[in-house]
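Structure assessment
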Amino acid sequence: MMDLKGDRVSIRPFTAADAQAYLALAQDPLVAGPAGMRPIANLEEAKSHVLKNQTTEFALVVQGAVVGELGIYPRTADAAAPEAHTREIGYALAQAYWGQGLMREALLLVIRELFTQQMTALWAATFPDNQRSIALLARLGFQYRFTVPLPASLQPAGPRSEAYFELVNPTLVLDDVD
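Please read these numbers as outputs of a predicted model, since none were measured by experiment.

Every buried residue of helix α5 (residues 131–139) is accounted for by Ser 133, Ile 134, Leu 136 and Leu 137. Down the axis, α5 shows its buried residues gathered within 160° of arc, on one side only. For α5, the exposed residues lying more than 90 degrees away from the buried face are Arg 132 and Arg 139. Next to the buried residues of α5 lie β5 (86–93), α4 (102–116), β6 (121–126) and β8 (161–168). Downstream of α5 by one or two residues, Gly 141 has phi in the positive range, about 100°.

The following block contains the structure:
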């Protein structure tokens, strides 16, 4: 369960009471589109979504209001695979809160928490034209690794690709590898 507090932001599991705020994020094309959020048509769908995804998607809260969303997803179901100790993160922030450093603060909290849990690396994917997200990932130390086309089922508006960025846990990097 993720429950983190920073100077200006907190991160906690979504509740049913957050459905309206999540719906607002999902229905704003300037937020949902670049974040790759799936369309949500109404309040019931939003409520169902936040309750169904409580172990992987979390509310970003500022002064008591849900203003964004952070997803933390396993990269494999195989516990023996090296990827079992990595996570992929995703995020979305309401437009009124852009440019204030809130998502950077939130992601720093998440990065610290996941690296404390011995995750070896974190991954994030963004559309190659999402310069704000790419700049944020760079400021956090993520490195570009590769770009891949999205599966056809995830491309309702035509072919798109995602650029993948990785942040390696510096406390787990071996200094003396022979």
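Where helix α1 (residues 19–27) contacts helix α3 (residues 43–52), the two axes come as close as 8 Å, and the packing angle between them is 105°. One way to sum up the angle between α1 and α3 is to call them roughly perpendicular. Contacts between α1 and α3 involve Ala 19, Gln 20, Tyr 22 and Leu 23 from the first element and Leu 43, Ala 46, Lys 47, His 49 and Val 50 from the second. Tallied by class, the residues present in the contact of α1 with α3 amount to six nonpolar, two polar and one charged.

Per the stated rule, a full pass over the model turns up five salt bridges. For Arg 8, the salt bridge is made with Glu 105, and the minimal N-O distance between the two is 3.0 Å. On the criterion of sequence distance, the pair formed by Arg 8 in the loop between β1 (4–5) and β2 (10–13) and Glu 105 in helix α4 is long-range, its members being 97 residues apart. Look at Arg 8 and you get partly exposed, because its relative accessible area is 40%. Between Arg 12 and Asp 18 there is a salt bridge, with the nearest N and O atoms lying 2.7 Å from each other.

Another point: the side chain of Glu 162. Note that Glu 162 resides in strand β8. Arg 160 is the oppositely charged side chain nearest to the buried, salt-bridge-free Glu 162, at an N-O distance of 8.6 Å. Within the structure, the side chain of Glu 162 is placed 3.4 Å from the side chain of Tyr 164, a separation counted as a polar contact. Not counting the four nearest positions on each side in its chain, Glu 162 is found in contact with Ala 125, Thr 126, Phe 127, Pro 128, Phe 146, Thr 147, Val 148 and Leu 150.

For the α-helix, the turn length of 3.6 residues means that residues three or four positions removed from each other point alike. For α4, which comprises 15 residues, the first-to-last C-alpha distance of 21 Å matches the rise-based estimate of 21 Å (1.5 Å per residue) to within 8%. Just downstream of α4, Gln 118 is the residue with a positive phi angle, here 70°.

Geometry of an aromatic ring pair is reported as the spacing of the ring centres plus the angle between the planes. Counted by the stated rule, this structure contains four aromatic pairs. Note on Phe 14 and Tyr 22: the rings are 5.6 Å apart at their centroids and 85° apart in plane angle, and the pair reads as edge-to-face. Here Phe 14 falls in the buried class, since its relative accessible area comes to 1%. Note on Tyr 22: relative accessible area 3%, which makes it buried. Through pairs of rings, three or more aromatic residues link up here, namely Trp 123, Phe 146 and Tyr 164. If you follow Arg 160 out to its NZ or CZ, it ends over the ring of Phe 127, 3.7 Å from the centre.

Scoring rules and cut-offs
- Residues numbered from 1 in each chain as written.
- Predicted model: local features only at pLDDT ≥ 70, side-chain atom pairs only at ≥ 80, totals over all residues.
- Heavy atoms only, no water.
- Buried < 20%, exposed > 50% of the residue type's maximum accessible area, 1.4 Å probe, protein only.
- Helix = DSSP H or I, 4+ residues; strand = E, 2+ residues; numbered from the N terminus.
- Arc of directions from axis to C-beta.
- Contact = heavy atoms within 4.5 Å.
- Axes fitted to C-alpha atoms, helices over the stretch in contact; angles between N-to-C directions.
- Parallel < 35°, antiparallel > 145°, perpendicular 65-115°, else oblique.
- Nonpolar A, V, L, I, M, F, W, Y, C, P; charged D, E, K, R; others polar.
- Salt bridge = Lys/Arg side-chain N within 4 Å of Asp/Glu carboxyl O.
- Lys, Arg positive; Asp, Glu negative; His and termini not counted.
- Polar contact = N/O pair within 3.5 Å; in protein donor to acceptor, adjacent residues only side chain to side chain.
- Expected span 1.5 Å × (residues − 1).
- Phe/Tyr/Trp six-rings, centres within 6.5 Å; stacked < 30°, edge-to-face > 60°.
- Lys NZ or Arg CZ within 6 Å of the ring centre and 35° of its normal.

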